[in-house]
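Summary of the model geometry
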Amino acid sequence: FQEGGGFVEAGDVGWHQGSNSEMLDFNAAASTYSWVEIEQPSDGFNNNGISYTMTGGNGFSSIGGTGLANLYPFPGSEKVGESNETVDGDAAYNLAHDGSISNADSIYFSIYGPDNSVLKRLGGTETQASFTEDEMNSLGKGSAILQIAAFNITSDESTGKKFYMVNESVASKTVIID
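Parameters and conventions
- Residues numbered from 1 in each chain as written.
- Predicted model: local features only at pLDDT ≥ 70, side-chain atom pairs only at ≥ 80, totals over all residues.
- Heavy atoms only, no water.
- Core = buried A, V, L, I, M, F, W, Y, C linked by side-chain atoms within 4.5 Å.
- Buried < 20%, exposed > 50% of the residue type's maximum accessible area, 1.4 Å probe, protein only.
- Helix = DSSP H or I, 4+ residues; strand = E, 2+ residues; numbered from the N terminus.
- Contact = heavy atoms within 4.5 Å.
- Salt bridge = Lys/Arg side-chain N within 4 Å of Asp/Glu carboxyl O.
- pLDDT = per-residue confidence, 0-100.

Let us look at the nonpolar core. Core analysis: the largest hydrophobic core is formed by 21 residues, its most contacted members being Leu95, Ile111 and Phe131. Elements represented by at least two residues in this core include exactly strand 10 (93-96), strand 11 (106-112), strand 13 (128-131), strand 14 (142-156) and strand 15 (163-177). Ranked by residues supplied to this core, first place goes to strand 14 with four residues. Among all residues touching Phe131, those that are not within four sequence positions of it are Ala92, Tyr93, Leu95, Phe109, Ser110, Ile111, Val118, Leu119, Lys120 and Met136. Val13, Trp15, Tyr52 and Ile63 belong to the second-largest nonpolar core, a separate cluster that totals 11 residues.

In structure tokens form, the structure reads like this:
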């Protein structure tokens, strides 16, 4: 949250979906609130939307109910559509998700190799991205991460200040580039 050119804490912030809720962590050094699901395997969110609450502080009013709400950007199945444990680093490659994606503004398709990373940002309904032979060669040989990150951004001005909510869902798979 920003007030007068600087970032400030705006009280306790939490997400809510049905009977589930969690408080976000405030990182003072980065001036950000975040929450990362640590349960594995992940139950994930359902696509019925998420609402946020904030207790307020430092010039920010409290917010509750559905004022800060948007839908979660991903289908129920959160998997990269790659069944092999190895990927050919000397050929073009198609990184795909195993289902449809909804409620996303954009989707990042990324491959993180030992020597380089490549990223494509596509529209919110795309389920695959193509990487050229040159892009694959730039990654190097060895362990790599295939990643698809769908996100959406919604804003709200009901308190007289503008808030942006960013929801992101990430599907990853570790592979070997040979």
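Take the pattern of salt bridges next. Counted by the stated rule, this structure contains three salt bridges. Linking Lys141 and Asp90 is a salt bridge whose minimum nitrogen-to-oxygen distance equals 3.0 Å. Taken together, the positions of Lys141 in the loop between helix 1 (133-138) and strand 14 and Asp90 in the loop between strand 9 (86-87) and strand 10 put the pair 51 residues apart, joining distant regions of the chain. Under the relative-accessibility criterion, Asp90 is labelled partly exposed at 43%. Note that Lys120 and Glu135 form a salt bridge whose closest N and O atoms lie 3.3 Å from each other. One end of the pair, Lys120, is in strand 12 (residues 117-123); the other, Glu135, is in helix 1, with 15 residues separating them in the sequence. With relative accessibility at 22%, the residue Lys120 sits in the partly exposed group. The class for Glu135 is partly exposed, based on a relative accessible area of 22%.

Bringing unusual backbone geometry into the picture now. You will see that Asn58, though not glycine, has its phi angle at about 55°, which is positive. Examined against the element boundaries, Asn58 turns out to sit in the loop between strand 7 (50-54) and strand 8 (63-70).

A few words now on the environment of Ser158. As for its placement among the helices and strands, Ser158 is situated in the loop between strand 14 and strand 15. Classification of Ser158 as exposed rests on a relative accessible area of 57%. On a C-alpha basis, the gap between Ser158 and Ile63 in space is 8.8 Å, while along the polypeptide they are 95 residues apart.

Before going further, it helps to spend a moment on the confidence of the model for the protein. For the protein, per-residue confidence averages 81 on the pLDDT scale, and 81% of positions sit at 70 or higher. Between the elements of the protein, mean pLDDT differs from a low of 63, seen in strand 8, to a high of 98, seen in helix 1.

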